[in-house]
Amino acid sequence: ESERHSACSGVKGETGAAQRQGDLTEMAVTKTKFALAVLAAACLMAAAVPAARAQDPNVSMEGVIDLDPTNVKEVLSGMKLTLAEFYAPWCGHCKRLVPEYAKLGEMVAADPMMSQHVQIVKADCDKHRSLGEP
């Protein structure tokens, strides 16, 4: 009888620990999603400011993955929350977004917790039209 009781207690304790770990993981993901949403909103608002300096969106940016047909399945595997910019290099709005998108990439890369769960990507839809097709 006491062996059965202790075995049940052990299972219950393990389940409780697993539940707590799951709760902590869920809380971390929720915080990450919120932080990403705030950063994305800041980037979009900054991109809407006409005075923002326009730059070439084709430039390589720290912390921003350049998406192309060779890496699209690997990068967009669903393992991380992804903010993706599908741009045209001639687009004025896309050009004005470059400085803020670069800052976002640097911020995510500099934060170990964030970079485990979030990735920032960009794709040139003029050069890689297939990425924009269904």
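This text follows the structure it describes.
Here we summarise the structure given alongside this text. Along each chain, the written sequence defines residue order, and numbers are assigned to residues from 1. In view of the model being predicted, local features appear only for residues whose pLDDT reaches at least 70, and side-chain atom pairs are presented and counted only at 80 or more, with totals across whole chains, interfaces and linings using the full set of residues. In computing side-chain values, all of the structure's heavy atoms are included and hydrogens and water are not.

**What about the overall build of the protein?**
The following threshold applies: Helix and strand assignments follow DSSP, with helices taken as H or I runs no shorter than four residues and strands as E runs no shorter than two, numbered in order from the N terminus. Each residue is assigned to one of three classes by its accessible area relative to the maximum for its type, calculated with a 1.4 Å probe on protein chains only: buried under 20%, partly exposed between the two thresholds, exposed over 50%. Any two residues whose heavy atoms approach within 4.5 Å are treated as being in contact.
Looking only at helices and strands, the protein features four helices and three strands. Along the chain direction, N to C, the helices and strands of the protein fall in the order α-β-α-β-α-α-β. Across the 134 residues of the protein, 29% fall into the buried class. Of the contacts formed within the protein by residues at least 6 apart in sequence, a portion of 79% connects residues at least 24 apart.

**Considering the side chain of Gln119**
Residue position: Gln119 is located in strand S3 (residues 118–124). Judged by its relative accessible area of 10%, Gln119 falls in the buried class. Contact partners of Gln119, with chain neighbours within four places excluded, come to Ile65, Val75, Lys80, Leu81, Thr82 and Leu83.

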